[in-house]
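Overview (structure and organization)
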Amino acid sequence: MKLFVDTANIAEIEALLPLGIVDGVTTNPSLLAKVGVEPRGVLKRICELVQGPVSAEVVATDSEGMVREGRELAAIDPNIVVKVPFGRPGVQACRALTKEGARVNVTLVFSPSQALLAAKVGASFVSPFVGRLDDIAVPGMELISQIVEIYQNFAFSSEVLVASVRGPMHVVEAARIGADICTCPPKSIESLFDHPLTDIGLEKFLADWAKAQESID
Ligand code: G3P
């Protein structure tokens, strides 16, 4: 399963890249607003840093506007994936942009029927939001299972990009279900490394080694 980082913060991306586990980046208007810098420059810099897909979202609400904005975003760098919100305009824009050869990520997907429609219009990536479903007491990971099953039934080429990830168990469950990608806030990626027994084990190895060295010296 590929791991994307869900941030527009350059420093956060730079900190994770040396680990060699980041396959791409997703941004959205909220994340870009949070960094408070001119968005095109930020997206360009992210593309320079990361050799993989970088999702950049349109803010137009009509399909013509989404297509226009999508073309501008795609022109920033070949790695840009145009993100459109699910809905009638988004579905229409996805069809138009994919016909032109752009890659599209359909976001704000909360049901299997929405994911089916996004795949039908050629979305390269479909982003179901698991955390926001969990927040309203709907099991987010069940949606991932349903989408994976539907895409397998018809060999759709759209990749399931699990979004709105809140912690390591979302990542583990996504991998068990067979989702293609999980996009995670940096904190959730960091938490994938942690296990107290690893820390305790290393501490003991080093202490035993040091004790042995002392007796040799
Ligand atoms: O990029 C979209 C997404 O991952 C949103 O996450 O935590 O705002 O629900 P969250």
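**Details of the side chain of Ser127**
Topologically, Ser127 is positioned in strand β6 (residues 125–128). In this structure Ser127 comes out as buried when scored by relative accessible area, which is 1%. Among the polar contacts listed, one links the side chain of Ser127 to the side chain of Asn105, at a separation of 2.7 Å. Not counting residues up to four positions away in its chain, the partners in contact with Ser127 are Asn105, Val106, Thr107, Leu108, Val109, Leu161 and Ala163.

**Focus on unusual backbone geometry**
In this structure, Leu108 is a non-glycine residue whose phi angle is positive, near 60°. Within the fold, Leu108 resides in strand β5 (residues 104–109). Backbone geometry at Ala155 places phi at a positive 50°, although glycine is not the residue there. Within the secondary structure, Ala155 sits in the loop between α8 (140–154) and β7 (159–162). Judged by its relative accessible area of 65%, Ala155 is exposed.

**Concerning the site of the ligand**
Contacts to the ligand come from Asp6, Asn28, Lys83, Phe129, Arg132, Ala163, Ser164 and Arg166. Within the side chain of Arg132, one N or O atom sits 2.6 Å away from an oxygen atom of the ligand. Measuring from an oxygen atom of the ligand, one finds a side-chain N or O atom of Arg166 at 2.7 Å. Protein burial of the ligand: of its 310 Å² of free accessible surface, 81% is covered by the chains. For the shell around the ligand, the per-class residue count stands at two nonpolar, two polar and four charged.

**Examining the environment of Val91**
The topology assignment puts Val91 in helix α5 (residues 88–99). C-alpha of Val91 to C-alpha of Leu117: the two residues are 26 residues apart in sequence and 7.5 Å apart in space.

**Overview of the pattern of salt bridges**
Tallied over the entire structure, the rule returns eight salt bridges. Residues Arg45 and Glu14 are paired through a salt bridge, measuring 3.6 Å at the closest nitrogen-oxygen approach. Here Glu14 lies in helix α1 (residues 10–16) and Arg45 lies in helix α3 (residues 39–49), a separation of 31 residues in the sequence. Note on Arg45: relative accessible area 34%, which makes it partly exposed. Put simply, Glu48 and Arg45 hold a salt bridge, and the shortest N to O gap is 3.0 Å. Of this pair, Glu48 and Arg45 are both found in helix α3, three residues apart, which corresponds to roughly one turn of the helix.

What counts and how
- Residues numbered from 1 in each chain as written.
- Predicted model: local features only at pLDDT ≥ 70, side-chain atom pairs only at ≥ 80, totals over all residues.
- Heavy atoms only, no water.
- Helix = DSSP H or I, 4+ residues; strand = E, 2+ residues; numbered from the N terminus.
- Buried < 20%, exposed > 50% of the residue type's maximum accessible area, 1.4 Å probe, protein only.
- Polar contact = N/O pair within 3.5 Å; in protein donor to acceptor, adjacent residues only side chain to side chain.
- Contact = heavy atoms within 4.5 Å.
- Near = heavy atom within 4 Å.
- Areas by Shrake-Rupley, 256 points an atom, 1.4 Å probe, with all protein chains shown as cover.
- Nonpolar A, V, L, I, M, F, W, Y, C, P; charged D, E, K, R; others polar.
- Salt bridge = Lys/Arg side-chain N within 4 Å of Asp/Glu carboxyl O.

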